[in-house]
Each structure stands twice: as structure tokens, then as C-alpha cells.
Amino acid sequence: MKYVLVTGGVVSGLGKGVTASSIGVVLMACGLRVTSIKIDPYLNTDAGTMSPFEHGEVFVLDDGGEVDLDLGNYERFLDLKLTRDNNITTGKIYQSVINKERKGDYLGKTVQVVPHITDAIQEWIERVAMIPVDGKEGPADVCVIELGGTIGDIESMPFIEALGQFSYRVGPGNFCLVHVSLVPVLNVVGEQKTKPTQHSVRGLRGLGLTPNILACRSTKALEENVKEKLSKFCHVPAENIITLYDVSNIWHIPLLLRDQKVHEAILKGLNLLGVAGEPALEEWTSRAEICDTLHEPVRIAMVGKYTGLSDSYLSVLKALLHASVACRRKLVVEWVAASDLEESTRIEAPDLHKAAWDLLKGADGVLVPGGFGDRGVQGKILAAKYARENDVPFLGICLGMQIAVIEFAQSVLNMQDANSTEFDADTTNPCVIFMPEGSKTHMGGTMRLGSRKTYFQVPDCKSAQLYGNVKYVDERHRHRYEVNPDMITQLESAGLSFVGKDESGRRMEILELPTHPYFVGVQFHPEFKSRPGKPSALFLGLIAASCGHLEAFLQNPNIANKSHSQKSLVNGASNSKIYQNGIKNKHANGSHNIYSNGNGVHA
């Protein structure tokens, strides 16, 4: 097994995840099999209990693992199916060591960070690296490891020590270190400054790790004299110093790596030059170029709770982008804070209220994503009501589906107090209830998580057609409340159709309004399986309906599996333009990755 370690210095948020993903893309394009591991040095055992405001979205894997959003980057870029063990946290490592100590596995020894924690880290990496994640038998050729945080962080120290030991143990021909650092330009002097990277590399070397490749983040390509200076003071060959400068869309990053011959440096360091070929990235190049040249917009109103941080909805944004590329449209996301739509805001801040409603009414489609808690719920209900009554394409995900049911019960069935027991435990019309198997005392890992089958009940419904007229689909879940099965008869008799259910027939998975152009709610999270070349079927439906071309998609049962590079099936849209920079975030105040030119755009 060969290992590529990606570390970061100077500041967080440089885009180590995208760098690691892009390295994987290039190596796969060279004909190698790749797997990925993300190391997060926090004490949480997983990301499940962390606020989206704190850490961005929680990404869910097939096996139900709640993991860091960078694993979503890996899965999207590399089209892999990772496991919960591909995300290592300090909490997981300490928990495993303490469990062994309690069982007496250390035979009375004093259990210490070195060697017990560091050994556990190395054993975990070696074990997980051997698990195939690409659907083929046998282990991958290369494991790309990303160490979260910044070199010098106290919480990273056990991992740095473990990885230093690991690099020595596996040998120089099996280990390659890529260090991502910042080369800023100070407005006062206008020149690229190397000192932060020098200090970062010095700290890394002092901890026992020597970088083979320097990946320098900057606004523009590194000047030659800057490269020479970095090479001299960081002891890295000039040809192994690459620039990751700001690009128009994130799909250009693997192309930047290829153009700067990063694959040759990595393959040489791993003794794989004779095994791998030149990277074949024609489809990837085509996709990146398409994103840069399309202009005709499609506006989607994202009505949510966490609109202050775009990373809170990263996978949803990506799924919208993948679908927009397939429809040859420029994606424009209108961020609508759900609470701004509510009556209380009209009284307290009328300008905010009017601006939110103007955005909603100006959108071509409405999306209500998943979430927890009662803040903004009334605003989401109003958004679903607006979309239902005005024939505006609507997609509700998880809580968004439950919101659609509550609104329908309130407005159509005249159940004024219809609600979810999550928000009103005493409602006399509980449309949404706590799942029987859930836990009300423990938050982490107690939801209905991971990939589950949804069986179509209505063969010719829009959802079934978008999925290719299959009998069932496997999608990932993350919820602890569900639609009340005892109210289904009432809801369906009034016109709401539950077209997808689980194997028991009592858990509602997909709803549609048959009389509406596109009104779909799903209990699962289709965004987690969307890929750049294989967009999610239901997101395709939303974008196509928002463009007014849904019928063209429904006429082709295999559209959900079509690659972006094939001719668009939207009538008259094949010559339209789309590019990735169209995402508008009126509230976003931060983002994990900053490769884009300031628009918060990620792959």
C-alpha cells in the first residue's frame, strides 16, 4: 500500500480537502485505485452532534456514519463509497484504546499517548486503507490521508507523532507528504510573502515530517523567484512546488495539478512511475469548461435555518450544481432565512421580511432542506404553501418533506393545529411523530441513519420516472421523526400522494402532489449520492421543472444516469450556458474552502 499525506499550515480553510480529493482524481486518471482517510483531531467520536454553524454540514455515508464534510468531497470527486472508519477522530482513537484498557488487553502496562495512542492511529490507518471502497475486490493502490487542522495545533500532536513514525516504518518509497500552505500578498507591498510557509514547514520538520511537495495557496500563480526562495528555505525541489491559485470553478483544481506535473512528483516518490500512465482527464476538463461558459440562469430559493454559512448545506449546493450543469443552466441560489418570512419579522423588521419574500417570489424553484429545531419552521411552512398554491417547483428534504405534510394538513384539511411533535408535543393533529426506535436521551448516532430502500407505490409517478422506472431506490437517511402513518389515509384522500414507502409500508419516504408541476418531498437525503457526472434524479427534476423542461426529462427513463458530457435532453437548452460561479450567498460569512474567486463555490 502506498500513502499520500496532505497536511495544512498557516491558517485553516485553505482547501486541504479539495487538494486531497484532486490528488485522488489525478491518480485515478493515471489508472490507479484510490481510497481516502480523513483525520479530524477533535474529541467528538463523530460529526453527528456538531452544529452546522460550528462545522458545516454532517455528511452521511451508506453505513450510517456521520462524518466530516470533506468525506463528501472525496465521494463526489472520486465516486467512492466510504465507510465510517474512513473518518478518524481523536474521540474514536481514545475510545478504542480505553475499551482495550478496560478489557485488560495491555496486560497491566501504563497506557500512554506514546506508544498506545500513536500505535492505535497507525493500526487504524493500515486497517482502513485495505478496505475496498470502489466496488472492486482487493485493496486500493494508494491511500490519500488528510490531516485536519493546522500544523502546530495541540490537538493534532498525537497524529503528527503517529504519522512521523508511520512514514519511517513504511519507508520513503511508500509515503509522500503534500503540505498545503498560504502565500499571501499584502496590499501594502504587493508582493507574495513566503515567510508564513517557511515557518509552517520549519514546524512540520521539527515534528518529524518532511514535505515532498509544497502546494501553495495564493490568488495568482507563484512567481519564479518566490518558488526558488521557498525551495531554498523549505528544502523542497522547485519542480515540486506548485501553485493552487484562485480559479473560476473548483473542477479546475485537478487540472491545475496535472498541468504542474504533480502526478509525476507523487508517482516518483511512491516508485509508481512504471506502473501508472498519463492522467486521462478529458471528461473532467469538459465539465470544468462547461461550468465556465454557460449563462442562462435558473434561480432556486434555498429556504433554511443555517443560511449564515453556506457549508451548512454543502451537499445540497453541490447536488443543485450537478443538476444545473446537466440542464445547461447557470445556478443562482437565493438564500432565504426561513425566519425572515414569518409574520413576527414583518412586524419587527419589515425590510427584511419584504426582501425575503421578494427573493422567494422571484425564484424559479423552491428547496427546503433538512434541519433540526423549531426556529424558522413557520417560515418554511409559508414557503411550502407559496410553492404549492402558485405551482412553483418544490423539493422538500427530510424536515422539508415533513413541513410540506404539516402545511397540507393545516391548509387543505383545515387542521389548524396540525404539527410535528418535535415542535408541539401537545398537538391534537400530530402529522409528524417521533420514531419508535429513536432515543430521546442520547443524541449521537441514535437516528435512522444510512442507506435504506424506498419502494415505489405508484409506478408512473414523477419520482419513479426520474429514477429510471426502477422498483426501489437506495438513499441515505438521517432523521428521528417521521410522517404519522395513522394520518396517511386522510392526507391521501385530500390529494397528497405518498408514492414511496419503506419495506414495511408504514414509513413514508416520498410524497408528491399529482396535480402540481413538481411538488416532491423526500424523507431521505438524495444530495449525499449526487455526483458531478451522475446528478441526483430528484434534483434533476427540480432544476428541469424550474427551467420549464421537466417533460423532456420524464420522456427519457435513464436521464438520472446520464453523464453531464452527453447532449442535454432539455429542449432548446443544449446551447444555453451555465457556470459554477452563479451561486449567490447574500448571508454567507465563511466557508471551509476558498479555491473559488470569492463566491463560495465548491465541488
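These numbers come from a predicted model, not from an experiment.

*Asks:* Please provide a residue-by-residue account of the sheet that holds strand β20 (residues 508–512), values included.
*Replies:* Here we have nine strands laid out as an open sheet, ordered β11-β10-β12-β13-β21-β20-β19-β16-β17, and mixed in their pairing. At either end of the open sheet lies a strand with only one pairing partner, and these are β11 (330–337) and β17 (472–479). The sheet shows a mean angle of 25° between the axes of neighbouring strands, taken without regard to direction. One ladder, built from eight bridges, connects strand β16 (residues 448–456) with β17; its direction is antiparallel.

*Asks:* An account of the packing of helix α12 (residues 314–326) against helix α19 (residues 537–547) is needed here, citing residue identities and associated values.
*Replies:* At their nearest, the axes of α12 and α19 sit 8 Å apart, and the two run at 60° to each other. Judged on the interaxial angle alone, α19 and α12 are oblique. Once α12 is placed against α19, the crossing between them reads as right-handed. Taking contact as the criterion, the partners of V316, A319, L320, A323, S324 and A326 in α12 are, on α19, F539, L540, L542 and I543. Its residues assigned to classes, the contact of α12 with α19 comprises nine nonpolar, one polar and no charged.

*Asks:* So what's going on with the sheet that holds strand β18 (residues 481–483)? Residues and values would help.
*Replies:* Strands sit in the order β14-β15-β18 across an open sheet of three strands; the sheet is mixed. Strands with a single pairing partner mark the edges of an open sheet, and in this sheet they are β14 (419–420) and β18. Relative to strand β15 (residues 430–434), β14 is paired through two bridges, and the arrangement is parallel. From the neighbouring strand, S420 faces β15, where its bridge partner is V432. Against the sheet, helix α16 (residues 399–411) touches β14, β15 and β18, its axis set at about 150° to β15.

*Asks:* Got a sec to walk through the packing of aromatic side chains? Specific residues and values, please.
*Replies:* Where two aromatic rings form a pair, the distance of their centres and the angle of their planes describe that pair. Scanning all chains against the criterion turns up 10 aromatic pairs. Geometrically, the ring pair formed by F166 and F175 is edge-to-face, given 6.5 Å between the ring centres and 75° between the ring planes. Neither F166 nor F175 differs from the other in exposure class; each is buried. An angle of 45° between the planes, with centres 5.4 Å apart, marks the rings of Y455 and Y472 as tilted. Of the two residues, Y455 sits in strand β16 while Y472 sits in strand β17, which places them 17 residues apart along the sequence. Taking relative accessible area as the criterion, Y455 reaches 30% and is therefore assigned partly exposed. The side chain of R127 reaches across the aromatic face of W124, ending 5.0 Å from its centre. Cation over ring: R287 sits above W284, and NZ or CZ is 5.1 Å from the ring centre.

*Asks:* Please set out the UniProt feature "domain: CTP synthase N-terminal" (unreviewed entry) in the protein chain residue by residue, giving values where relevant.
*Replies:* In the numbering adopted here, UniProt assigns the feature "domain: CTP synthase N-terminal" (unreviewed entry) to residues 2–272. Annotation note: span residues 2–272, helix share 41%, strand share 17%, distance between end C-alpha atoms 9 Å.

*Asks:* Summarise a nonpolar patch on the surface; cite the residues concerned and give the values.
*Replies:* Together, L186, V188 and V189 make up an exposed nonpolar region whose accessible area comes to about 320 Å². Along the polypeptide, L186 turns up in the loop between β7 (175–182) and α7 (195–206).

*Asks:* Pulling in residues and values, what's your account of the nonpolar core?
*Replies:* Counting 99 residues, the largest nonpolar core has L320 and L367 as the members making the most contacts within it. The element contributing the most residues to this core is α19, with nine residues. Once you skip the residues sitting within four places of it in the chain, L320 turns out to touch I300, M302, L331, V333, L367, F539, L542 and I543. Counting 45 residues, the second largest nonpolar core, distinct from the first, contains V303, F423, V483 and F519.

*Asks:* For the pairing of β11, give the residues involved together with the corresponding values.
*Replies:* For β11, a buried count of seven out of eight residues is recorded, marking the element as mostly surrounded by other parts of the structure. With eight bridges connecting them, strand β10 (residues 297–304) and β11 associate as parallel partners. Its bridge partner being in β11, V298 is matched across the sheet by L331.

*Asks:* Which residues make up helix α14 (residues 350–362), and what values do they have?
*Replies:* In this model α14 runs 18 Å from its N-terminal to its C-terminal C-alpha over 13 residues, within 8% of the 18 Å that 1.5 Å per residue would give. Every buried residue of α14 is listed here: H353, A356, W357, L359 and L360. In a view along the axis of α14, the buried residues occupy a sector of 155°, so they form one face of it. Exposed residues on α14 whose side chains face more than 90 degrees from its buried face are D351, K354 and K361. For α14, the elements touching its buried residues are β10, β11, α13 (343–348), β12 (365–368) and α15 (377–389).

*Asks:* Outline the environment of V189, listing residues and values.
*Replies:* When you line up the elements, V189 lands in the loop between β7 and α7. A relative accessible area of 49% places V189 in the partly exposed class. Put simply, V189 and A301 are 112 residues apart on the chain and 42 Å apart in space, counted from C-alpha to C-alpha.

*Asks:* Could you give me a rundown of the packing of helix α4 (residues 90–103) against helix α5 (residues 113–129), with the residues and numbers involved?
*Replies:* It is the contact of α4 with α5, at a shortest axis distance of 10 Å, that shows an interaxial angle of 115°. Considering their axes alone, α4 and α5 lie roughly perpendicular with respect to each other. Remark: the crossing between α4 and α5 carries right-handed chirality. Between α4 and α5, the contacting residues are K92, I93, Y94, S96, V97 and K100 on the first element and V113, H116, I117, A120, I121, E123 and W124 on the second. Of the residues assigned to the contact of α4 with α5, the class counts are eight nonpolar, two polar and three charged.

*Asks:* Explain the pairing of strand β1 (residues 2–8) residue by residue, including any values.
*Replies:* Note on strand geometry: in a regular strand, side chains alternate between the two faces of the sheet. Of all seven residues in β1, seven are buried, a share of seventy percent or more. Along β1, one buried face is formed by K2, V4, V6 and G8 and the opposite face, lined by Y3, L5 and T7, is buried too. Strand direction decides the pairing type here: β1 and strand β6 (residues 142–147), joined by five bridges, are parallel. From the neighbouring strand, L5 faces β6, where its bridge partner is I145. Summarising the sheet, β1 and β7 pair through six bridges and their orientation is parallel. Within β7, the residue paired with L5 across the bridge is L177.

*Asks:* Can you tell me about α7, naming the residues and giving the values?
*Replies:* The end-to-end C-alpha distance of α7 is 16 Å, a good match for the 16 Å that 12 residues give at a rise of 1.5 Å each. Of the residues making up α7, those classed as buried are T197, Q198, S200, V201 and L204. Angular distribution of buried residues about the axis of α7 spans 165°; they occupy a single face of the element. Next to the buried residues of α7 lie β1, β7, β8 (213–218) and α8 (224–234).

Cut-offs applied
- Residues numbered from 1 in each chain as written.
- Predicted model: local features only at pLDDT ≥ 70, side-chain atom pairs only at ≥ 80, totals over all residues.
- Heavy atoms only, no water.
- Pairing = 2+ DSSP bridges.
- Helix = DSSP H or I, 4+ residues; strand = E, 2+ residues; numbered from the N terminus.
- Axes fitted to C-alpha atoms, helices over the stretch in contact; angles between N-to-C directions.
- Parallel < 35°, antiparallel > 145°, perpendicular 65-115°, else oblique.
- Left-handed = near helix turned anticlockwise from the far one by under 90°.
- Contact = heavy atoms within 4.5 Å.
- Nonpolar A, V, L, I, M, F, W, Y, C, P; charged D, E, K, R; others polar.
- Phe/Tyr/Trp six-rings, centres within 6.5 Å; stacked < 30°, edge-to-face > 60°.
- Buried < 20%, exposed > 50% of the residue type's maximum accessible area, 1.4 Å probe, protein only.
- Lys NZ or Arg CZ within 6 Å of the ring centre and 35° of its normal.
- UniProt positions renumbered as here; feature names shortened; annotations may be inferred.
- Patch = residues over 30% accessible without salt bridge, like charges linked within 9 Å, V, L, I, M, F, W, Y side chains within 5 Å.
- Areas by Shrake-Rupley, 256 points an atom, 1.4 Å probe, with all protein chains shown as cover.
- Salt bridge = Lys/Arg side-chain N within 4 Å of Asp/Glu carboxyl O.
- Core = buried A, V, L, I, M, F, W, Y, C linked by side-chain atoms within 4.5 Å.
- Expected span 1.5 Å × (residues − 1).
- Arc of directions from axis to C-beta.

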